[in-house]
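# Residue-level structural notes
Each chain is listed here by its residues.
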Amino acid sequence: MKIKLSVIILNYNTAGLLKSCLSAVLASKGFEARELEVIVVDNNSSDNSVEMVRKDYPDVKLVRNRKNLGFSAGNNVGIKVARGNFLLLLNTDTLVEPDALVTVLNAMENDRSIGAATCLLQTADGKIDPASHRGFPTPWNSFSYFLGLEKFFPKSRIFGGYHQGWKNLKVPHEVDCISAAFMMIPVEIIEKIGLLDERFFMYGEDIDWCLRIKNAGYKIFFYPGVKTLHLKRQSGREQTRDKGLRRHTQNMFLDSMRQFYEKHYIDKYPLFLYWLIKIGIKIRKSI
């Protein structure tokens, strides 16, 4: 039987989260035998992640990298070995509802103009994960966000462009960008636009992919009818009390935003904006 969906879970030293994530994925409804493929790509973890997967989830395909390749390159390893018609990038710090995968998959199968989709990602406090419902970080959207204008006018089309807060979160609709914490995409789209850009080690790769999908003429969709819990602050910029590590990951985030601007916007906006952005990043790093 043909594999409908390959779920790719990239792991780096999050054995406990990975175990919970896998249990939720494998409890998904709506799939017949062998229609769902689960792939764990381990970025050379030093905890017991690999041993746990081998022991507790023998049917999960495990790929072990010899070093930490980062988010983009690590996921690309999984994409290359996946056999499904559709792929789902899923973070280890997520817990999918039993019908989340099949609901989004069915919607995408019924509308082939959709290049990527997500469900409602909720944080532990019941709020929407803002990264799952975004506009692109154009200079104006970024300016409005970082100066707090979006916070004061979240429903404004002028100031709220970074998270598109004027849209109805209770009905399916198109957005500009979704999070790679839960991003479903047809294999045929990847064949057209290419793999994740490995220049983005961590952060920015999902925004880059979404923009490339949109530029290829496809839609990015948000489906709020099913949920996935996203236990944010379990990894990345806020995962540790170690101030040095927090600063390092924060700097990686800022560098990724600079890379994104250089790749997609530097030729579209006046050069002085680029220098202002570089100065702003340098100031932010020094704080």
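Located above this text is the structure these notes cover.
Residues numbered from 1 in each chain as written. Predicted model: local features only at pLDDT ≥ 70, side-chain atom pairs only at ≥ 80, totals over all residues. Heavy atoms only, no water.

Turning to the state of the cysteines, a few remarks are in order. Applying the stated criterion to the full structure yields zero disulfides. Between Cys-119, a cysteine without a disulfide, and Cys-21, which holds the nearest cysteine sulfur, the sulfur-to-sulfur distance is 12 Å. Unpaired in this structure, Cys-177 has its nearest cysteine sulfur neighbour in Cys-210, at a distance of 4.0 Å. Assessed through its relative accessible area of 1%, Cys-177 is described here as buried. (Disulfide = S-S within 2.5 Å. Buried < 20%, exposed > 50% of the residue type's maximum accessible area, 1.4 Å probe, protein only.)

Its identity as a non-glycine residue notwithstanding, Asn-13 has a phi of 60°, on the positive side. With respect to the helices and strands, Asn-13 occurs in the loop between β1 (5-11) and α1 (15-26). The residue Arg-34 is not glycine, and still its phi comes out positive at about 70°. Within the secondary structure, Arg-34 is located in the loop between α1 and β2 (36-42). (Helix = DSSP H or I, 4+ residues; strand = E, 2+ residues; numbered from the N terminus.)

Here we come to the pairing of strand β8 (residues 182-186). The element β8 is largely enclosed, with a buried count of five among its five residues. Of the two faces of β8, the one holding Phe-182, Met-184 and Pro-186 and the one holding Met-183 and Ile-185 are both buried throughout. When strand β4 (residues 86-90) meets β8, the two strands line up antiparallel, connected through five bridges. Opposite Phe-86, over in β8, you have Pro-186 as the bridge partner. (Pairing = 2+ DSSP bridges.)

This part takes up a nonpolar patch on the surface. A contiguous nonpolar surface patch, about 630 Å² in accessible area, is contributed by Trp-140, Phe-143, Tyr-145, Phe-146, Leu-147 and Ile-158. Assignment of secondary structure puts Tyr-145 in helix α5 (residues 139-146). Given the relative accessible area of 36%, Tyr-145 is considered partly exposed. (Patch = residues over 30% accessible without salt bridge, like charges linked within 9 Å, V, L, I, M, F, W, Y side chains within 5 Å. Areas by Shrake-Rupley, 256 points an atom, 1.4 Å probe, with all protein chains shown as cover. Salt bridge = Lys/Arg side-chain N within 4 Å of Asp/Glu carboxyl O.)

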